[in-house]
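This is what each chain is made of:
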Amino acid sequence: MALVPRSIDEVLSALRQTRSDVDPYADSVKGPISVLLYCYAVGLSRVEQHAGYLSTVYQMERADELARDDLDNLGRNYGKNPGAGNPARVRLTFWMQSRPQAGKIYNVDAGTLASTPDGRYIFSVIRTVLLTGDSADLYYNADLQRYEISTTAEATATGDDYNIQAGNISAFIGSLQDFDGVINNAAATNGSDPVGPTQFRNVIWNSMQGLNVNLAGNIISAIDRVDTGGYDDVSLVSSTDIQTFSRLKHLNGKLGYNVYLLTDRVEDDYYSGTAQGGETDLYLPRKPVNSVEYCTVDGKQVPFTFSSDTTTIYAGSTLSSDKVLLSTPLLPAQVFEIHYYYYSLIYDSTQVLNNYSSPFRADILVYLGRPVPIFIAASISISGVQDTSSVLSDLRSATTAYLNYPDAPTYARRRFVSSLDPYDYRETMLRMVGGLAKFTLLNFFRMDSGVMDVETITLDGATEYPVLSPTSYFG
Amino acid sequence: MSYTMKCDDGDLIMDSTGRYRAVFGQEKCVQDIAESLLNNYDTEFPMYYNGSLLYEIDHNPAFVEAIGAEAFIHAAVNESIERLMDSQENDEYVDAAEKINHIQQLMVRRLGIMTYTFYLLAITEDDSDVTVDDFVVSLAQQLPASLAQGYSNFLPAGQTTDSQPFV
């Protein structure tokens, strides 16, 4: 029977009742007996509150009511470390106004520190780069009329507040000889806070499903071991689900699982090699690839096109054919280097899952969830006292939150969604966004297969998640 | 007949055989009056608060002077006794020797700058007298009368809002 902890008053009432049942003549409402009962009531109530708390710990149902230390210790009992979050990474561009001198080499060493102007968010360079004065023209940025070199830096602490907007990291910590300034041309990404209580609780639950990765729940447990809290949502499609499972023909009747993750975890990697001659397609080793930063041939940056695999059944997995297309074929013995970002959780967890050996091993492949652009257009009117631009901004944020998780709109975590109801969307917006006097939905459909202006959108709840199309408009 | 344990000078009293002494009737009435004056508690929930209602006073002594400390103490004693009478009313086992019928006389007198005393004469149901005499109230004392109740605008006399009240 679940214990419902009583307040001091409730315990005191019960004690008084017991006291007067035993001896109705003893005054338990005032006087020394009442004082004694009150003392017992305080102690008993405290014990009951603690017993109730232990019950909450035991059940782990309401994770956010647990003290963080208790939850973390509980996790350690099951071999789960709560994790400290991820440091953000950013591409920093160091620049100088005057032309680099011929014969001189300018270093940006690993460990060089740059920060936001207020010095609050500090990033440390993790890869040393050299600017050679002999080939100064390679580094010249004609638009800004200065010489630039870029490298990757990592935040000195974890947290999503380190995901700094582009252009906001512009100060050196200490001095950096020869260079006049630093800037981040793109926003810092991948910074994350330590995993939240509910999410960590789920990790503990999953861990109890054992270590055999041939069972569905254990696959998730194995991914949690790779990066606790590294994904927003996960879904599994087994080869028995012949409607959805994409690799049926490739398994020869073996049991298989497709795992779909919603994750933003990316890491960078450098792929370099020596050409045999004639290559134009360079297949990147770590997939799926998020973006390509640059491509150099013999130390000089060359134009390229990043081709993301969108056609085969392996798109979004480690078997995808993500590649860099060069406009000019490589010559024999030319050395190329590509700096690119790949989805690290997809890559790492595939490695981990494939490292388990078992005679009856299931064929497991991890995929990136498929984003489905949703087009929304609405005509709105705003109540007189509200600022139009702020209401529009709120509406856009609330729409994003709704698409992330329609059942409980949240800005932080995305979910796989199987259907979107335009009526529910409109009701939610009227509830969430202050200052909306009127809200008429003009368009609400998925851009790849919508047939009506406003319709109930159906998605594959195992593999697809909705994202707001950037062309959507409110006004 | 209702009884309780004998309290004297803040402690329970044992007899020569090592048993707690019980009080009832008029003696219990006296003890309950003393407790009502010393402890500001209500027999209804929320429960029990330490400290006397006599010190539940605005922190500004000048204010007390203006409204008249005598009137304040008179009202506080009156309220304490009426609470006790309400409580007795709800207890079917209280007998005539213990039950207060009415307050016959209540006089407050000034002793010093912030010191007062009062005389209380209550009559029980069986026409016995119960008196409280020479009960000294010093408004300069820093007894945290009502702090425990969370009345932030109430502080013990003599304190300022900036100082940290002791708990």
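Predicted, not measured: the structure shown is a model, and the values here were computed from it.

Visitor: Describe the overall build of chain B, naming the residues involved and giving the relevant values.
Guide: Within chain B, the secondary structure is distributed over 3 helices and 7 strands. Out of the 167 residues in chain B, the part that is buried amounts to 42%. Restricting to contacts in chain B with at least 6 residues of sequence separation, those with at least 24 account for 46%. About 8,900 Å² of surface is accessible on chain B, with carbon and sulfur atoms providing 50% of the total.

Visitor: Give a detailed account of the interface of chain A and chain B, specifying residues and quantitative values.
Guide: Accessible area lost when the parts come together is the quantity often used to give the size of an interface. The interface of chain A with chain B comprises 18 residues on the first partner and 22 residues on the second. Ranking the residues of chain A by area buried against chain B places Tyr25, Lys30 and Pro32 of chain A at the top, with a combined share of 37%. Joining chain A to chain B, the criterion identifies 1 salt bridge. Its salt-bridge partner being Asp27 of chain A, residue Lys28 of chain B comes within 2.6 Å of it at the nearest N-O pair. Going through the elements one at a time, α1 (8–22) and α2 (32–59) of chain A are the ones with two or more residues in the side of chain A that touches chain B. Partitioned by chemical class, the residues of the side of chain A that touches chain B number 10 nonpolar, 2 polar and 6 charged.

Visitor: Would you mind going over the packing of aromatic side chains in detail, with residue names and values included?
Guide: Residues and elements named next belong to chain A. As enumerated under the stated definition, the model contains 15 aromatic pairs over all chains in all. Ring plane angle 65° and centroid distance 5.9 Å describe the contact between Tyr425 and Phe439, whose orientation is recorded as edge-to-face. With Tyr425 in helix α8 (residues 422–432) and Phe439 in strand β22 (residues 436–446), this pair connects stretches of sequence that are 14 residues apart. For the pair Tyr425 and Phe439, one class covers both residues: buried. Taken together, the ring pairs in this structure connect Tyr402, Tyr425, Phe439 and Phe444 into an aromatic cluster. A cation sits over an aromatic face here: Arg146 above Trp95, 4.2 Å from the ring centre. Note that Arg201 overlies the ring of Trp205, its terminal NZ or CZ placed 4.0 Å from the centroid.

Visitor: Summarise α1 of chain A; cite the residues concerned and give the values.
Guide: Residue and element names in this part refer to chain A. A rise of 1.5 Å per residue sets the reference length of α1, with its 15 residues, at 21 Å; its end C-alpha atoms lie 21 Å apart and thus fit the reference within 8%. If you check which residues of α1 are buried, you get Val11, Leu12 and Arg16. Angularly, the buried residues of α1 cover 135° about the axis, an arc narrow enough to put them on a single face. Turning to α1, the residues buried within the fold contact α2.

Visitor: Describe a negative patch on the surface, listing the residues and the values that go with them.
Guide: Among the surface-exposed residues, Glu125, Asp126, Asp127 and Asp129 of chain B lie close enough to one another that they form a single negatively charged patch. Overall, the relative accessible area of 40% leaves Glu125 of chain B in the partly exposed class.

Visitor: Break down the sheet that holds strand β16 (residues 304–307) of chain A for me, with residues and values.
Guide: Where strands meet in a sheet, backbone hydrogen bonds hold them as pairs that are either parallel or antiparallel. Residue and element names in this part refer to chain A. Overall, antiparallel pairing links the 3 strands, which are arranged β13-β17-β16 in an open sheet. Two strands bound the open sheet, and with one partner strand each, they are β13 (281–283) and β16. Looking at each pair of strands side by side, their axes are set apart by 25° on average, direction ignored. As paired strands, β13 and strand β17 (residues 323–326) are joined by 3 bridges and run antiparallel to one another. Residue pairing in the sheet places Asp281 in a bridge with Leu325 of β17.

Visitor: Tell me what's going on with the sheet that holds strand β11 (residues 256–263) of chain A, and back it up with residues and numbers.
Guide: All names here are of chain A. The 3 strands lie next to each other as β10-β11-β19, forming an open sheet whose pairing is mixed. What marks the edges here is a single partner per strand, and that holds for β10 (231–238) and β19 (363–368). Between one strand and the next, the sheet's axes are offset by a mean angle of 20°, whatever the strand orientation. Across 6 bridges, β11 lies against β19 in parallel orientation. If you follow Gly256 over to β19, its bridge partner there is Asp363. Its contacts with the sheet place helix α6 (residues 344–355) against β10, β11 and β19, and it is angled at close to 175° to β19.

Visitor: So what about the packing of helix α7 (residues 388–404) of chain A against α8 of chain A? Which residues, and what values?
Guide: Residue and element names in this part refer to chain A. For the pair α7 and α8, interaxial distance at closest approach is 10 Å and the crossing angle is 130°. With respect to α8, the axis of α7 lies oblique. Crossing of α7 over α8 shows right-handed handedness. Each of Leu395, Ala398, Thr399, Ala401 and Tyr402 in α7 lies in contact with α8, whose residues at this interface are Asp424, Tyr425, Thr428, Met429 and Met432. Of the residues assigned to the contact of α7 with α8, the class counts are 7 nonpolar, 2 polar and 1 charged.

Visitor: Please give an account of the environment of Asp269 of chain A that cites residues and values.
Guide: All names here are of chain A. Structurally, Asp269 is set in strand β12 (residues 266–274). Relative accessible area serves as the criterion here: at 16%, Asp269 is assigned to the buried category. The spacing of Asp269 and Arg286 is 17 residues in sequence and 7.8 Å in space, taken between C-alpha atoms. Ignoring anything within four residues of it in the chain, the contact list for Asp269 reads Pro285, Arg286, Ile338, His339, Tyr340 and Tyr342. Of the polar contacts made by the side chain of Asp269, one reaches the side chain of Tyr340; its length is 2.6 Å.

The rules behind the values
Residues numbered from 1 in each chain as written. Chains lettered and ligands numbered in written order. Predicted model: local features only at pLDDT ≥ 70, side-chain atom pairs only at ≥ 80, totals over all residues. Heavy atoms only, no water. Helix = DSSP H or I, 4+ residues; strand = E, 2+ residues; numbered from the N terminus. Buried < 20%, exposed > 50% of the residue type's maximum accessible area, 1.4 Å probe, protein only. Contact = heavy atoms within 4.5 Å. Areas by Shrake-Rupley, 256 points an atom, 1.4 Å probe, with all protein chains shown as cover. Buried area = accessible area lost by both parts, 1.4 Å probe. Salt bridge = Lys/Arg side-chain N within 4 Å of Asp/Glu carboxyl O. Nonpolar A, V, L, I, M, F, W, Y, C, P; charged D, E, K, R; others polar. Phe/Tyr/Trp six-rings, centres within 6.5 Å; stacked < 30°, edge-to-face > 60°. Lys NZ or Arg CZ within 6 Å of the ring centre and 35° of its normal. Expected span 1.5 Å × (residues − 1). Arc of directions from axis to C-beta. Patch = residues over 30% accessible without salt bridge, like charges linked within 9 Å, V, L, I, M, F, W, Y side chains within 5 Å. Lys, Arg positive; Asp, Glu negative; His and termini not counted. Charge placed at Lys NZ, Arg CZ, Asp CG, Glu CD. Pairing = 2+ DSSP bridges. Axes fitted to C-alpha atoms, helices over the stretch in contact; angles between N-to-C directions. Parallel < 35°, antiparallel > 145°, perpendicular 65-115°, else oblique. Left-handed = near helix turned anticlockwise from the far one by under 90°. Polar contact = N/O pair within 3.5 Å; in protein donor to acceptor, adjacent residues only side chain to side chain.

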